[in-house]
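Chain and residue survey
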Amino acid sequence: MEHHIVVEKMCRCAQRKQMPQIKTFDDKENARMVARAWAQELNETFCGMHEFDVVEVDENYVISVGEGSY
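Residues numbered from 1 in each chain as written. Predicted model: local features only at pLDDT ≥ 70, side-chain atom pairs only at ≥ 80, totals over all residues. Heavy atoms only, no water.

1. Quick word on the overall build of the chain
On a plain count of helices and strands, the chain comes out with two helices and four strands. Its helices and strands in sequence order give the chain the pattern β-α-β-α-β-β, from N to C terminus. For a compact globule of 70 residues, the expected C-alpha radius of gyration is about 11 Å, and the chain comes in at 12 Å, within 12% of that figure. In terms of overall dimensions, the chain has a C-alpha envelope of 35 × 20 × 15 Å along the principal axes. Expressed as a percentage of the 70 residues in the chain, the buried residues total 33%. Look at the contacts in the chain between residues 6 or more apart in sequence, and 43% of them connect residues 24 or more apart. As displayed, the chain has an accessible area near 4600 Å², and 47% of this comes from carbon and sulfur atoms. Averaging the positions of the 8 positive and the 13 negative side-chain charges in the chain gives two centres separated by 8 Å. (Helix = DSSP H or I, 4+ residues; strand = E, 2+ residues; numbered from the N terminus. Rg over C-alpha atoms; globule rule 2.2 N^0.38 Å. Buried < 20%, exposed > 50% of the residue type's maximum accessible area, 1.4 Å probe, protein only. Contact = heavy atoms within 4.5 Å. Areas by Shrake-Rupley, 256 points an atom, 1.4 Å probe, with all protein chains shown as cover. Lys, Arg positive; Asp, Glu negative; His and termini not counted. Charge placed at Lys NZ, Arg CZ, Asp CG, Glu CD.)

Below you can see the structure in the form of structure tokens.
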């Protein structure tokens, strides 16, 4: 079974870096670890106008984009 990491909303920083919106994995635990690391990286390297967090939805992970700084 495939597990996906989906970035909820592509902010300007993500668009500028041509970041993928979806990543797919065969292993759910690996997808979870990558999603958390990816959200942390976005919080640390993007402009700070948004906060990124990970939400599990069914068998997938959504990187949510909230207003405000990290």
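There's more to say after this.
2. Here's the deal with the sheet that holds strand β3 (residues 50–57)
Reading across from one edge, β2-β1-β4-β3 is the order of the four strands in this open sheet, with mixed pairing throughout. Among the strands making up the open sheet, the edge pair consists of β2 (22–25) and β3. Averaged over all pairs of adjacent strands, the angle between strand axes in this sheet comes to 20 degrees, irrespective of strand direction. As judged from the four bridges shared by strand β1 (residues 3–7) and β2, these two strands associate in the antiparallel manner. By the bridge assignment, Val-6 is partnered in β2 with Ile-22. Against the sheet, helix α2 (residues 28–45) makes contact with β1, β2, β3 and β4 (60–67), and its axis sits at roughly 170 degrees relative to β3, the strand it touches most. (Pairing = 2+ DSSP bridges. Axes fitted to C-alpha atoms, helices over the stretch in contact; angles between N-to-C directions.)

3. What to know about the packing of aromatic side chains
Within this structure, the stated rule accounts for one aromatic pair. For the pair Phe-46 and Phe-52, a centre-to-centre distance of 5.8 Å together with 80 degrees between the ring planes defines the contact as edge-to-face. As far as the burial class goes, Phe-46 and Phe-52 line up, both buried. When the ring centre of Trp-38 is taken as origin, the NZ or CZ atom of Lys-23, which lies over that ring, is 4.1 Å away. (Phe/Tyr/Trp six-rings, centres within 6.5 Å; stacked < 30°, edge-to-face > 60°. Lys NZ or Arg CZ within 6 Å of the ring centre and 35° of its normal.)

4. Examining the pattern of salt bridges
Counted under the stated rule, the structure contains three salt bridges. In this structure, the salt-bridge partner of Glu-59 is Lys-28, at a minimum N-O distance of 3.7 Å. Residue Glu-59 is found in the loop between β3 and β4, and its partner Lys-28 is found in helix α2; the two are separated by 31 residues along the sequence. Given the relative accessible area of 32%, Glu-59 is considered partly exposed. (Salt bridge = Lys/Arg side-chain N within 4 Å of Asp/Glu carboxyl O.)

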